[in-house]
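Next come the chains, spelled out residue by residue.
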Amino acid sequence: MAIRLGDTAPDFTAETSEGTINFHEWIGDGWCVLFSHPKDFTPVCTTELGYIAKIKPEFEKRGVKILGLSVDSADSHREWSKDIEETQGHAPNYPLIADPDRKVADLYDMIHPNALDTLTVRSVFVIGPDKKVKLMLTYPASTGRNFDEILRAVDSLQLTAKHQVATPVNWQEGDDVIIVPALSDEDAKAKFPDGWDAKKPYLRIVKQPS
Ligand code: BEZ
């Protein structure tokens, strides 16, 4: 069955380029970005995996672990890492699941046969400390993802989790945010004692909580 936002992320045990992991145990109390890419030794994937390695400290700052996946073997992942380092300046510094039997890919519905018959598409799942799926996106093989956008989305998700605020269109760190509709004015007064700018009763703007 397809995974939906708010579902518990399916647990699994899998071999990776850094040894065997149990997914939920490996996530621990933090956040996780689980992503698939179509195939080792392919051009777009090479650029994505190098860039993710480069910005991994930004994910770490936010308490987010990174886990990649393709249907290739762990030996293939390790061999390809050398090319990624040579061409992108950064080798993957996070585990890559080896999923030749597509066990995890099937669990997460990462194979879309009408797009790519045997390979995973570019899926991303952001999973919270409660192991619930907070965000999903799917790109085709030909379109490299914007992992700065994933970071931005993580910032938004973490603000919502902590402060009951939502983020408006094109929001960037430091911009004003929106009090979530589920919070009554009365409850909002306790949380935001300095008040807010109500453009409409349902559009209540506040400074980003720190
Ligand atoms: C790529 O990473 O460039 C790629 C992978 C599979 C199919 C098409 C492109």
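Residues numbered from 1 in each chain as written. Predicted model: local features only at pLDDT ≥ 70, side-chain atom pairs only at ≥ 80, totals over all residues. Heavy atoms only, no water.

Asks: Quick question: what am I supposed to make of the packing of aromatic side chains here?
Replies: Given two aromatic rings, one states the distance between the centres and the angle between the planes to describe the pair. Applying the stated criterion to the full structure yields 7 aromatic pairs. Plain terms: the ring middles of Phe12 and Phe23 are 4.6 Å apart, the flat faces sit at 15° to each other, and that makes the pair stacked. Of the two residues, Phe12 sits in the segment before β1 (13–16) while Phe23 sits in helix α1 (residues 23–27), which places them 11 residues apart along the sequence. Across this residue pair, the class does not change: Phe12 and Phe23 are buried. Geometrically, the ring pair formed by Tyr108 and Phe125 is edge-to-face, given 5.0 Å between the ring centres and 70° between the ring planes. Residue Tyr108 is found in the loop between α5 (103–107) and β6 (122–127), and its partner Phe125 is found in strand β6; the two are separated by 17 residues along the sequence. Side by side, Tyr108 and Phe125 carry an identical accessibility label, which is buried. An aromatic cluster is present here, built from Phe12, Phe23, Tyr108 and Phe125 joined pairwise through their rings. Here the basic side chain of Lys65 rests over the ring of Trp26, its NZ or CZ set 4.8 Å away from the ring centre. (Phe/Tyr/Trp six-rings, centres within 6.5 Å; stacked < 30°, edge-to-face > 60°. Helix = DSSP H or I, 4+ residues; strand = E, 2+ residues; numbered from the N terminus. Buried < 20%, exposed > 50% of the residue type's maximum accessible area, 1.4 Å probe, protein only. Lys NZ or Arg CZ within 6 Å of the ring centre and 35° of its normal.)

Asks: Sorry if this is basic, but what is going on with the domain arrangement of the protein chain here?
Replies: When the parts come together, some accessible area is lost, and that loss is often what is quoted as the size of the interface. If you check the domain split of the protein chain, you get domain 1 (13–144) and domain 2 (163–206). One C-alpha centre belongs to domain 1, the other to domain 2, and the line joining them spans 34 Å. (Domains from an automatic or database assignment.)

Asks: Would you explain the site of the ligand in this entry?
Replies: Around the ligand sit Pro38, Thr42, Pro43, Val44, Cys45, Arg122 and Ala141, and that is every residue in its neighbourhood. At 3.4 Å, a backbone N or O of Pro43 approaches an oxygen atom of the ligand. Within the complex, 76% of the 260 Å² of free accessible area of the ligand lies under protein. Here the shell around the ligand takes 3 residues from helix α2 (residues 43–54), the largest share from any one element. Of the residues belonging to the shell around the ligand, the class tally is 5 nonpolar, 1 polar and 1 charged. (Near = heavy atom within 4 Å. Polar contact = N/O pair within 3.5 Å; in protein donor to acceptor, adjacent residues only side chain to side chain. Areas by Shrake-Rupley, 256 points an atom, 1.4 Å probe, with all protein chains shown as cover. Nonpolar A, V, L, I, M, F, W, Y, C, P; charged D, E, K, R; others polar.)

Asks: What should I look at first to understand the side chain of His163 in this one?
Replies: In this fold, His163 is placed in helix α6 (residues 147–163). Using a relative accessible area of 17% as the deciding quantity, one classes His163 as buried. What His163 contacts, discounting residues up to four positions off in sequence, is Lys191, Phe192, Pro209 and Ser210. (Contact = heavy atoms within 4.5 Å.)

Asks: Got a minute to help me understand the pairing of strand β3 (residues 31–36) in this structure?
Replies: Along a regular strand, successive side chains alternate from one face of the sheet to the other. Buried residues dominate β3, accounting for 6 of its 6 residues. Burial of the side chains of β3 extends over both faces: Trp31, Val33 and Phe35 are buried on one face and Cys32, Leu34 and Ser36 on the other. Both β3 and strand β4 (residues 64–70) contribute to a ladder of 6 bridges, which runs parallel. Bridge pairing in β4 places Val33 opposite Ile66. Sheet topology note: the β3/β6 ladder contains 4 bridges and is antiparallel. (Pairing = 2+ DSSP bridges.)

Asks: I would appreciate a short explanation of the pairing of strand β7 (residues 133–139) in the present structure.
Replies: Here β6 runs beside β7; their pairing, made up of 6 bridges, is antiparallel. If you follow Phe125 over to β7, its bridge partner there is Met136. In this antiparallel pair of consecutive strands, β6 and β7, the connection spans 5 residues, and Lys131 shows a positive phi of 70°.

Asks: How should I be thinking about the pattern of salt bridges in this particular structure?
Replies: In the structure shown here, the tally under the stated rule is 14 salt bridges. Here Lys82 ties to Glu79 by a salt bridge, and the two come within 3.1 Å at their closest N and O atoms. In this pair, Lys82 and Glu79 are both assigned in helix α4 (residues 74–88), 3 residues apart and thus about one turn of the helix distant. By relative accessible area, which is 42% here, Glu79 ends up partly exposed. Here Lys207 ties to Asp176 by a salt bridge, and the two come within 3.5 Å at their closest N and O atoms. (Salt bridge = Lys/Arg side-chain N within 4 Å of Asp/Glu carboxyl O.)

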